[in-house]
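# Breakdown of the fold
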Amino acid sequence: MTDHVAPQSPPPLPRWRDPALDPESRADALLREMTLQEKVAQLFGVWVGASDEGAEVAPHQHDMEEAVDLDALLPAGLGQLTRPFGTVPVDPALGALSLMRTQARIAAANRFGIPAVAHEECLAGFAAWGATAYPVPLSWGATFDPELIREMAAAIGRDMRAVGVHQGLAPVLDVVRDARWGRVEETIGEDPYLVGTIATAYVQGLESAGIVATLKHFAGYSASRAGRNLAPVGMGRRELADVILPPFEMAVRESGVRSVMHAYTDTDGIPSAADGDLLTGLLRDAWGFTGTVVADYFGIAFLKTLHGIAGTFGEAAGAALAAGVDVELPTVKTFGAPLLDAVARGEVPEELVDRAVRRVLAQKAGLGLLDPGWSPVPAALEGADLTAGPEALRGTVVLDPERNRALAARVAERAVVLLRNDGVLPLAPDAPRRIALIGPTAEAPTAVLGCYSFPVHVGGQHPDVPLGIDLPTLHEALRAEFPAAGITVAAGTGIDDAATGGFAEAVALARGADLVIAALGDRAGLFGRGTSGEGCDAGSLALPGAQQQLLDALLDTGTPVVAVLLSGRPYALGRAADEAAAVVQSFFPGEAGTGAIASVLSGRTEPSGRLPVSVPRHPGAQPSTYLAARLGHTSEVSSLDPAPAFGFGHGLTYTSFAWDGLAVEAAEAPTDGVFRLSLTVRNTGARPGTELVQLYLHDPVASVVQPVQRLVGYARLDLAAGEEKRLRVSVPADLASFTGRDGRRTVEPGELELRLGSSSTAPRLTARVTLTGPARAVDHRRRLHAEFTVEPPAPA
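The following refers to the structure shown. (Residues numbered from 1 in each chain as written. Predicted model: local features only at pLDDT ≥ 70, side-chain atom pairs only at ≥ 80, totals over all residues. Heavy atoms only, no water.)

### Looking at the overall build of the chain
- For the chain, the helix and strand inventory stands at 22 helices and 30 strands.
- What you see for the chain is a C-alpha radius of gyration of 27 Å, in line with the 28 Å of a compact globule of 796 residues.
- In terms of overall dimensions, the chain has C-alpha extents of about 100 × 70 × 60 Å along its principal axes.
- The buried share of the chain, taken over its 796 residues, is 61%.
- At a minimum sequence separation of 6, the contacts of the chain that also span at least 24 residues come to 79%.
- For the chain, the exposed surface amounts to about 28500 Å²; the carbon and sulfur share of it is 52%.
- Looking at charge distribution, the chain has the averaged site of its 66 positive side-chain charges lying 4 Å from that of its 93 negative ones. (Helix = DSSP H or I, 4+ residues; strand = E, 2+ residues; numbered from the N terminus. Rg over C-alpha atoms; globule rule 2.2 N^0.38 Å. Buried < 20%, exposed > 50% of the residue type's maximum accessible area, 1.4 Å probe, protein only. Contact = heavy atoms within 4.5 Å. Areas by Shrake-Rupley, 256 points an atom, 1.4 Å probe, with all protein chains shown as cover. Lys, Arg positive; Asp, Glu negative; His and termini not counted. Charge placed at Lys NZ, Arg CZ, Asp CG, Glu CD.)

Structure representation (structure tokens):
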């Protein structure tokens, strides 16, 4: 007789493995089972580089870090992997294989089987070899098109997620305060509302693809003195509250963002990495943020080495943890042995470690990294034969497909700004003409790329490795766009040298041509290796090197000059602002940028970009921004005139528009009410075009000094020739709020002007309205947006 043994049920899942529970409950359950060393291991990353042979990642060494022994670290676990794709050039398929094998190793080495979060830069596209290079954020701002930027971010996120990346270190929400700052190219512009709306859209797109977006740099980094990178910040709390913080607040409220990165700088002596009022009191307690706060690279160590508020790395770790920093990046420096020792000595409460680990584990649970069915195989390698060897996989993962290139072209085209045009543009593509293309960016493939694009950020250190993407030069793009033209080319000078030896050839070509296209601008780089980019701050806003001299020499020839700027910041253009036949500005427009510029020059694409930053008239008139109080504008008592050559929001088209019929539903509203306006915009030209209706608020009398005007809303209107649209605008009184003398945000009664304009310097219609009733305090629940609706056309 055979005994029948009942089949045994599988053991129950640990609570932290149960996907049916919420991430916070799972994190708490796992936290209770971890040793202190295992907890701390979740709070730092290790900087690695994927292998181009598909082997496990190799630790990357940096002059600010010691060698990392992965074999010693991994048994306790690992919180993050830093930039596996963005450290060295690697084929995407083999990078994904390398990351997959490393994640399997990490999970196998710790007793809970927890993998790491892999993060990458994605400021102008996924910063990986062969990935699409999109326009830089300053170009995003120039589009004034959140929907398009949301679409772009979703595409970037899908590519990252497909190869195993979980977190992207973007977007930058720093508001430009001084255009000499090298990182202007990484920002969205000089206006908080524009920055907030575009950045929020970017986050929504990235998060929709399953990527943890990271807001940076929180907060005040861009307000450094004299535009110097990582310099002290001396602004007051009101400027912080009303200019710097609103974009972050909007993104936290509206985007679903899951991570924030602290800034490097100190504000009035308090480093952001150790500012508990900022990282906990405001971000979490007031705004309700529940994600992770990560360190900017080496930022916690800087509390000791640069800021001098900590005597040891253990003290730095304790200060950052207490303030609310959860994860040290890019590698372990302070949150490893120094933190363990500080906890053991009773200098740092273990409860602070637990608080940070709980947030990290909850995020990992939300990413599916604690699920019982987790697999290290990324979507891009599913179905591939992983035993066939690396060469069988090479080239099978494409990060720059045609659909990406088409999207990059749409963004680049919409970001081109036509600053000046005496009628020379558009140029007929089939007209035979002699074009002299002169300037240092004419034949430079990387002139379209910012400092965080892979070919510049990493590829420059590997000159023997191909760029990985197609980067047509401006010369090549113009030849394709104008096949009937005879185009001659001369550099004239370099980007940033003082050489004028090429002027004679350039001037001779210009005199023999029907038209000159002056190709000017920047070279992106890092820490002084470029004229724009991180650590590449400018002493003035004169064009780098001898470019202004070259431009003046070309103007002197009498041949019409079209100046084309490929740059990371706005530059004063001297005589060209008034004398050039046309001026076209493009802020590092990415791999499709030269084609976009050519298409605007020919009129194949209608220009629709607008300036996200003012273009100065004088190179030394800094810092200046349209967002300034009366004393910040032109004055008879100063010899420096900060008035721009082209103001914020400026941009021409190839048609003309008429604005009329302004109607105000009621000229008065209570301090908790809404103003309602309407106007008609009509295309009065012979070509289709896009008008950007910008709404500015002017508060003539307030209890504290206010900017002369500030943007509170905008709407793009695409209009066919002869078409008109009636636009209705609802303006909540909340948009008039500002930080009062008592530090609270207030809506005060009184008269206001609602200015509808095509730029900050071109008001078209003004509604004078009045807020009535008592002053009213508001908080982060206030309304942030005016509502724009287009009326359906009247029946014929």
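Right, picking up where we left off after that structure.
### Here's the deal with the pattern of salt bridges
- According to the stated counting rule, one finds 44 salt bridges in the structure shown.
- Here Arg394 ties to Glu53 by a salt bridge, and the two come within 3.8 Å at their closest N and O atoms. Residue Arg394 is located in the loop between helix H15 (390-393) and helix H16 (402-415), and its partner Glu53 is located in the loop between strand E1 (45-49) and strand E2 (58-59); the two are separated by 341 residues in the primary sequence.
- By relative accessible area, which is 30% here, Arg394 ends up partly exposed.
- Given a relative accessible area of 44%, Glu53 falls into the partly exposed group.
- A salt bridge links Asp326 to Arg284; its shortest N-O distance comes to 2.9 Å. (Salt bridge = Lys/Arg side-chain N within 4 Å of Asp/Glu carboxyl O.)

### Observations regarding unusual backbone geometry
- Backbone torsion omega between Lys216 and His217 reads 5°, so that peptide bond is classified as cis.
- Position of His217 relative to the elements: it lies in strand E6 (residues 212-218).
- Of the consecutive residues Leu329 and Pro330, the connecting peptide bond is found in the cis state with omega at 5°.
- Examined against the element boundaries, Pro330 turns out to sit in the loop between helix H12 (313-323) and helix H13 (337-344).
- Look at Phe298: it is not a glycine, yet its phi comes out positive at around 65°.
- As for its position among the elements, Phe298 is in the loop between strand E10 (292-294) and helix H11 (299-305).
- The backbone phi angle of Phe588 is positive, close to 25°, even though this residue is not glycine.
- Take Phe588: it is sitting in the loop between strand E16 (582-587) and helix H22 (593-602).
- Residue Phe588 is classed as buried on the basis of its relative accessible area of 0%.

### Re the sheet that holds strand E28 (residues 762-772)
- On the basis of which strands lie adjacent, the open sheet formed by 5 strands has the order E20-E28-E27-E22-E23 and mixed pairing. On the outer flanks of this sheet lie strand E20 (668-670) and strand E23 (710-719), each paired with one strand and no other. Neighbour to neighbour, the strand axes of the sheet diverge by 30° on average, direction disregarded. (Pairing = 2+ DSSP bridges. Axes fitted to C-alpha atoms, helices over the stretch in contact; angles between N-to-C directions.)

### Some words on the nonpolar core
- With 221 residues, the main nonpolar core has Phe126, Tyr202 and Phe218 as its most contacted residues.
- Setting aside residues up to four positions removed in sequence, Phe218 forms contacts with Leu245, Phe248, Val260, Met261, His262, Ala263, Ser272, Leu278, Leu279, Leu282, Leu283 and Trp287.
- Grouped together as the second largest cluster of nonpolar side chains are 30 residues, Ala669, Phe675, Leu756 and Ala767 included. (Core = buried A, V, L, I, M, F, W, Y, C linked by side-chain atoms within 4.5 Å.)

### Details of the packing of helix H19 (residues 503-511) against helix H20 (residues 547-556)
- Interaxial distance between H19 and H20 falls to 9 Å at its minimum, and their mutual angle equals 35°. Once H19 is placed against H20, the crossing between them reads as right-handed. Between H19 and H20, the contacting residues are Phe503, Ala506, Val507 and Ala510 on the first element and Gln549, Leu550, Ala553 and Leu554 on the second.
- Partitioned by chemical class, the residues of the contact of H19 with H20 number 7 nonpolar, 1 polar and no charged. (Left-handed = near helix turned anticlockwise from the far one by under 90°. Nonpolar A, V, L, I, M, F, W, Y, C, P; charged D, E, K, R; others polar.)

### Topic: the pairing of strand E24 (residues 724-732)
- Pairing between strand E21 (residues 674-683) and E24: 9 bridges, direction antiparallel. Across the sheet, residue Thr680 finds its bridge partner in E24, namely Arg726.
- Here 4 bridges tie E24 to strand E30 (residues 787-790), and the two strands are oriented antiparallel to one another. Looking across to E30, one finds that Arg728 is bridged to Thr789.

### Looking at the sheet that holds strand E15 (residues 561-567)
- Across the sheet, which stays open at both edges, the 6 strands sit in the order E11-E16-E15-E14-E12-E13 with mixed pairing between neighbours. The sheet is open, and its two edges are formed by strand E11 (417-421) and strand E13 (486-490), each paired on a single side. Sheet twist, expressed as the mean angle between neighbouring strand axes with direction ignored, is 15°.
- In this structure, E11 lies alongside E16, joined through 4 bridges in antiparallel fashion. Across the sheet, Asn421 pairs through a bridge with Ala582, a residue of E16.
- Each of strand E12 (434-438), strand E14 (515-521) and E15 touches H20; the most contacted strand, E14, lies at about 170° to it.

### Some points on the environment of Phe85
- Position of Phe85 relative to the elements: it lies in the loop between strand E3 (80-82) and helix H4 (92-109).
- Residue class for Phe85 comes out buried when judged on its relative accessible area of 1%.
- Once the C-alpha coordinates of Phe85 and Gly95 are considered, the two residues, 10 residues apart in sequence, prove to be 6.4 Å apart.

Function cannot be inferred from these measures alone, as they are strictly geometric.
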